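Structure assessment
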Amino acid sequence: QVQLVESGGALVQAGGSLRLSCVASGASWMIINTLAWHRQAPGKQRELVATITSRSSTNYDDSVKGRFTVSTDNAKNTGYLQMNSLKPEDTAVYYCETNIWTPATGSQYYWGQGTQVTVSS
């Protein structure tokens, strides 16, 4: 069973940077087909922030374009979200979602447990 563990969330001042990580484990061989970062602020719906495909095609929400960068390291089964020039409105719980292929399960979607990012003004 594939599991995702996110890390890297923290309290940071506006203008600062953070790098979130999403590590997939539970299979001896896996392929990350797509990876997406979502976020959910208190009282708001979860929103899609950034995506990356296995061909390294990326997409970003307009609110983070030019500030956030999504990437993957398939050798480490890990996805990243580099967040620069953080703003208080970036405060949210950030979730990793991936579509991963393994020999045992084929392609399945998985979610991480979330990591808290708090940006102070």
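Below: a short report on this structure. Small disclaimer: the values here were computed from a predicted structure and weren't measured. (Residues numbered from 1 in each chain as written. Predicted model: local features only at pLDDT ≥ 70, side-chain atom pairs only at ≥ 80, totals over all residues. Heavy atoms only, no water.)

**Comments concerning the pattern of salt bridges**
In plain terms, the rule: The salt bridge definition used is simple: a Lys or Arg side-chain nitrogen within 4 Å of an Asp or Glu carboxyl oxygen. Here a helix means four or more residues in a row that DSSP labels H or I, a strand means two or more in a row labelled E, and each is numbered from the N terminus. Burial classes: relative accessible area under 20% of the type maximum marks a residue as buried, over 50% as exposed, and values in between as partly exposed (1.4 Å probe, protein chains only).
With the rule as written, the count across this model stands at four salt bridges. Two residues, Arg39 and Asp90, come together in a salt bridge whose shortest N-O distance is 2.9 Å. Of this pair, Arg39 sits in strand β4 (residues 31-40) while Asp90 sits in the loop between β8 (78-83) and β9 (92-102); the two residues are 51 residues apart in sequence, bridging distant segments of the chain. For the pair Arg39 and Asp90, a shared accessibility class is recorded, and that class is buried.

**So, the side chain of Asn99**
What counts here: Any pair of residues with heavy atoms lying within 4.5 Å of one another is described as a contacting pair.
By the element assignment, Asn99 lies in strand β9. Once residues lying within four places of it in the same chain are set aside, the contact partners of Asn99 are Ile31, Ile32, Asn33, Thr34, Ser107, Gln108 and Tyr109.

**Here we look at the sheet that holds strand β7 (residues 68-73)**
Sheet strands associate in pairs through backbone hydrogen bonding, adopting either a parallel or an antiparallel arrangement. What counts is decided by this rule: DSSP bridges decide pairing: two strands pair if at least two such bridges lie between them. Helix axes are fitted to C-alpha atoms over the stretch in contact, other axes to C-alpha atoms as well, and angles between N-to-C directions run from 0 to 180 degrees.
Reading across from one edge, β1-β3-β8-β7 is the order of the four strands in this open sheet, with antiparallel pairing throughout. One side of each edge strand has no neighbouring strand; the edge strands of this open sheet are β1 (3-7) and β7. Between one strand axis and the next, the sheet turns through 15 degrees on average, direction left out of account.

**Some words on the state of the cysteines**
We count it as follows: Whenever a pair of cysteine sulfur atoms sits within 2.5 Å, that pair is classed as a disulfide.
For the structure shown, the criterion picks out one disulfide. A sulfur-sulfur distance of 2.1 Å marks the disulfide that ties Cys22 to Cys96. One disulfide, between Cys22 and Cys96, carries an S-S torsion of -75 degrees and so falls in the left-handed class. With Cys22 in strand β3 (residues 18-25) and Cys96 in strand β9, this pair connects stretches of sequence that are 74 residues apart. Both residues of the pair, Cys22 and Cys96, count as buried.

**A closer look at the side chain of Thr78**
Formally: Think of a polar contact as two N or O atoms within 3.5 Å of one another; within protein, one of them needs to be a possible hydrogen donor and the other a possible acceptor, and neighboring residues in sequence only count if both atoms come from side chains.
For Thr78, the location among the structural elements is in strand β8. Assessed through its relative accessible area of 6%, Thr78 is described here as buried. Engagement of the side chain of Thr78 in a polar contact is seen with the backbone oxygen of Lys76, the distance being 2.8 Å. Apart from the residues lying within four places of it in its own chain, the contact partners of Thr78 are Ser21, Cys22, Val23, Ile32, Ser71, Thr72 and Asp73.

**Focus on unusual backbone geometry**
Here the phi dihedral of Asn77 falls at roughly 50 degrees; this positive angle occurs in a residue that is not glycine. Tracing the backbone through its elements, the reader meets Asn77 in the loop between β7 and β8. Look at Asn77 and you get buried, because its relative accessible area is 18%. A positive phi angle is found at Ser85, which is not glycine, with a value near 50 degrees. As for its position among the elements, Ser85 is in the loop between β8 and β9. The exposure class assigned to Ser85 is partly exposed, which follows from its relative accessible area of 42%.

**Quick notes on the nonpolar core**
In plain terms, the rule: Each nonpolar core is a collection of buried residues, namely Ala, Val, Leu, Ile, Met, Phe, Trp, Tyr and Cys, held together in the definition by side-chain atoms within 4.5 Å.
Ranked by size, the top nonpolar core spans 27 residues in total, and within it Leu4, Trp37, Phe68, Leu81, Met83, Tyr94 and Ile100 carry the most contacts. At the level of elements, β3, β4, β5 (47-53), β7, β8, β9 and β11 (115-120) are the ones that each hand at least two residues to this core. If sequence neighbours within four positions are ignored, Tyr94 has contacts with Glu6, Leu20, Trp37, His38, Arg39, Val49, Phe68, Leu81, Met83, Gly114, Thr115 and Val117.

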